[in-house]
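Each chain is listed here by its residues.
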Amino acid sequence: MSIGKNIIVSDAAPLEQYKWGNDCDAYVLVDEPELSVKLEQMPVGTCELVHFHRHCQQFFYVLAGEASMEIDNDAIQLKQSEGVLIAPGAKHRICNHGSSTLRFVVTSQPAVGTDRIAV
C-alpha cells in the first residue's frame, strides 16, 4: 500500500489488524513490497510454525516479555530491548514460553508476501 502523505500508525490505528495462530495479534504498520513492519502480540504458551523465507530477511525486536527463538538448530532467548536478524533460508519460529504477553516488532525486507515456506 503506497501512502501519498505521512500518517501515524499504531496498534490502535494500524493499516490492518488480524489474528494468527492461537489468538495472536498482528498490527500492520508498514505494508510496502520492499518493506513490511508489524507489531505482534503473543499470549503465554503460543508458538508459530517452523518456516523459512527464500528471499526475505527479518528482524525481530522485543518490546515486552521474552521471546524464545528457534533459528536453524539454535535456540536463543530475547528479552525486552533485544533483537535478532534472520537471514533468508534460515528455518525459524518464535514462541512465548514466558510468564507474560510477548510484544515485538518484526520487520521484513522485502515484504514476506508469498515467500513463506512451512517446514
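Conventions and cut-offs
- Residues numbered from 1 in each chain as written.
- Predicted model: local features only at pLDDT ≥ 70, side-chain atom pairs only at ≥ 80, totals over all residues.
- Heavy atoms only, no water.
- Salt bridge = Lys/Arg side-chain N within 4 Å of Asp/Glu carboxyl O.
- Helix = DSSP H or I, 4+ residues; strand = E, 2+ residues; numbered from the N terminus.
- Buried < 20%, exposed > 50% of the residue type's maximum accessible area, 1.4 Å probe, protein only.
- Pairing = 2+ DSSP bridges.
- Contact = heavy atoms within 4.5 Å.
- Polar contact = N/O pair within 3.5 Å; in protein donor to acceptor, adjacent residues only side chain to side chain.
- Phe/Tyr/Trp six-rings, centres within 6.5 Å; stacked < 30°, edge-to-face > 60°.

**Thoughts on the pattern of salt bridges**
Evaluated as defined, the whole model comprises 5 salt bridges. Across the pair Asp25 and Lys19 runs a salt bridge whose closest N-O atoms are separated by 2.8 Å. Across the salt bridge formed by Glu48 and Arg116, the nearest N and O atoms sit 3.6 Å from each other. Taken together, the residues span a long stretch of sequence, with Glu48 in the loop between strand 3 (35–42) and strand 4 (51–52) and Arg116 in the loop between strand 10 (102–109) and strand 11 (117–118) at a distance of 68 residues. Using a relative accessible area of 10% as the deciding quantity, one classes Glu48 as buried.

**Quick look at the pairing of strand 1 (residues 16–20)**
Bridge count between strand 1 and strand 2 (residues 24–32): 5 bridges; the pairing is antiparallel. Residue pairing in the sheet places Glu16 in a bridge with Val28 of strand 2. Linking strand 1 back to strand 2 in an antiparallel pair, the connection comprises 3 residues, with Gly21 at a positive phi of about 55°.

**Side note on the environment of Asp115**
Take Asp115: it is sitting in the loop between strand 10 and strand 11. As a C-alpha pair, Asp115 and Gln77 span 38 residues in sequence and 25 Å in three-dimensional space. For Asp115, the contacting residues outside a window of four places in its chain are Phe52, His53, Arg54, His55 and Cys56. From its side chain, Asp115 meets the backbone nitrogen of Arg54 in a polar contact 2.7 Å long.

**Here we look at the pairing of strand 6 (residues 67–71)**
Buried residues dominate strand 6, accounting for 4 of its 5 residues. With 5 bridges joining them, strand 6 and strand 7 (residues 74–78) adopt antiparallel strand pairing. Among the inter-strand pairings, Ala67 is bridged to a residue of strand 7, identified as Leu78. Where strand 6 folds back onto strand 7 in an antiparallel hairpin, the turn is made up of 2 residues, including Asp72, whose phi is positive at roughly 50°.

**What about the packing of aromatic side chains?**
Considering all chains together, one arrives at 2 aromatic pairs under this definition. Seen from their ring centres, Phe59 and Tyr61 are 6.4 Å apart, and the 25° between their planes marks the pair as stacked. Owing to a relative accessible area of 34%, Phe59 belongs among the partly exposed residues under this scheme. Relative to Phe104, the ring of Phe60 has its centre 5.8 Å away and its plane inclined at 35°; by these criteria the two rings are tilted. Note that Phe60 is positioned in strand 5 (residues 57–64) and Phe104 in strand 10, a separation of 44 residues in sequence.

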